[in-house]
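Close look at the chain arrangement
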Amino acid sequence: MSKKSKIIYLVGFICLLCIWTGMMIHIEPQVKNVGEAPEKITNIFGLKHSFFSINISTILNSWLIIAILILIAYSVGRKLTKIPGKAQTITEFIISSFDHLCADTLGADIGRKYLPFVSTVFIFVLLSNWIGIVPVLGIEEPTRDLNTTLGLGLICAFVAHGSGIKVKGFKGYCKEYIEPGGIIGWCMLPLNIVGEFAKVGSHSIRLFGNILGGSVLILVLLELSRQLLPVYIVFQIFFGIFVGLVQAFVFAMLALAYISVKVA
Amino acid sequence: MGLGAIGSAIGEGFAALSAVQVTTRQPKASDDALATMLIGMAVAESPGIFALFIAILLALTEIEATGLVQAAALLGAGICMGMGAMGPGIGEGFAAGQACRGVGRQPGNKPMIIRTMLIGQAVSESTAIYSLFIAILLIYVVHG
């Protein structure tokens, strides 16, 4: 390993250590999380705490995922060979399948432009869902917080609407809300506007509810079965790995579908 | 939650039914049909997830002094989300099932079919969002 890469790995390791220390300091006990779920939910409505309060655990776990992703990307991307090794094969498989998906949905030329965004959303959400499987104290999925998923949903909505305005011009974009001409179009206008908000809402809450519901369910089952290990493993395989994968894929596919509706 | 589970279950059952039919008739398209079924089911699950969310909120939120009006509002929130999640669950599952059949007939059109299915499901999700919104309103805004 060259000196520069050693330094980068060292810096990455120190960042992970700092993040983990931060989590240990602000630890919220796992068992009490069942009762504290409403606290984190009401944080976003600004009812119990001020609007500017922060969910420390969510932020620290998000930083952890970002650090992991950067380290993986750096270590895999350093030596790209024509005959790929294992890690390169896996990453190429993910990226190329999303490339085909984007090319099929958006058309070959536009698909490449949105490929980085969609695949980044997928990888981030996938890792966020899967990091909850690790049974280390303090590590939980950042997507179990409505703030994370709502933020991601709003980003996807802004990308979709922005692309629509850029491709079609503002007048063309607005004309879509009044789709069939005449009086019926004007009646459709409020329905279309509410539909846009419903899309963003359902997009975020689907991911949030699935992940939070799964993790609360596992907590409750673990308590009921008095910390029986096989129960934990089996349910983590289903709720953690499978649901995490499916929900991440659905999230990214829906983001792609919303973009393609606006851009098409 | 009980009422909300009915809709999602019926809908997803229909999606599974269609996927199995496709597997029987065109075994070569079964992979595509499976993928479509999984995506459609995951989306049809979401009204049930909304109901679960409201149920958890209702079970775990600590309410201070409860008058009769607030008790009635909480009950109403539960029933609202439950019944509101039934319809979209069934409807979205129906869309997923027909999408599976379409993919079975023309696997080459799979991206277009999935895209249309997702858009239709997202629009029919609207009523579930309305119920979610009203349920949250009833839980948090009604006092005394």
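Residues numbered from 1 in each chain as written. Chains lettered and ligands numbered in written order. Predicted model: local features only at pLDDT ≥ 70, side-chain atom pairs only at ≥ 80, totals over all residues.

A look at the overall build of chain B
Across its full length, chain B carries six helices and zero strands. Along chain B, helices and strands appear, N-terminal first, in the series α-α-α-α-α-α. Taken over C-alpha atoms, the radius of gyration comes to 18 Å for chain B, far larger than the 15 Å a tight globule of 144 residues would show. Projected onto the principal axes, the alpha-carbon positions of chain B cover approximately 60 × 20 × 20 Å. Burial analysis of chain B (144 residues in total) assigns 51% to the buried set. (Helix = DSSP H or I, 4+ residues; strand = E, 2+ residues; numbered from the N terminus. Rg over C-alpha atoms; globule rule 2.2 N^0.38 Å. Buried ≥ 20, exposed ≤ 12 C-beta atoms within 10 Å, placed from the backbone.)

Some thoughts on the interface of chain B and chain A
Each side of the interface is counted separately: chain B has 23 residues, and chain A has 30 residues. For the side of chain B that touches chain A, the secondary-structure elements that each account for two or more residues are α2 (30–44), α3 (46–60), α5 (110–124) and α6 (126–141) of chain B. Among the elements that take part in the side of chain B that touches chain A, α3(B) stands out by supplying eight residues, more than any other. Class assignment of the residues belonging to the side of chain B that touches chain A gives a composition of 18 nonpolar, three polar and two charged. (Contact = placed C-beta atoms within 7 Å. Nonpolar A, V, L, I, M, F, W, Y, C, P; charged D, E, K, R; others polar.)

A few points about helix α3 (residues 56–78) of chain A
Helix length check: α3(A) (23 residues) gives 33 Å between terminal C-alpha atoms against 33 Å at 1.5 Å per residue, within 8%. Within α3(A), the full set of buried residues consists of A:Ser57, A:Thr58, A:Leu60, A:Asn61, A:Ser62, A:Leu64 and A:Ile65. (Expected span 1.5 Å × (residues − 1).)

With respect to the packing of helix α1 (residues 2–25) of chain B against helix α4 (residues 68–105) of chain B
All names here are of chain B. Put simply, α1 and α4 touch, their axes get as near as 6 Å, and they point 5 degrees apart. Between α1 and α4, the angle is such that the two are roughly parallel. A breakdown of the residues in the contact of α1 with α4 according to their chemical character gives 17 nonpolar, 14 polar and four charged. (Axes fitted to C-alpha atoms, helices over the stretch in contact; angles between N-to-C directions. Parallel < 35°, antiparallel > 145°, perpendicular 65-115°, else oblique.)

Comments concerning the packing of helix α5 (residues 108–130) of chain A against helix α8 (residues 229–263) of chain A
Residue and element names in this part refer to chain A. Direction vectors running N to C along α5 and α8 enclose 155 degrees, while the axes themselves pass 9 Å from each other. Regarding the angle of α5 to α8, the classification is roughly antiparallel. Where α5 crosses over α8, the handedness of that crossing is right-handed. (Left-handed = near helix turned anticlockwise from the far one by under 90°.)

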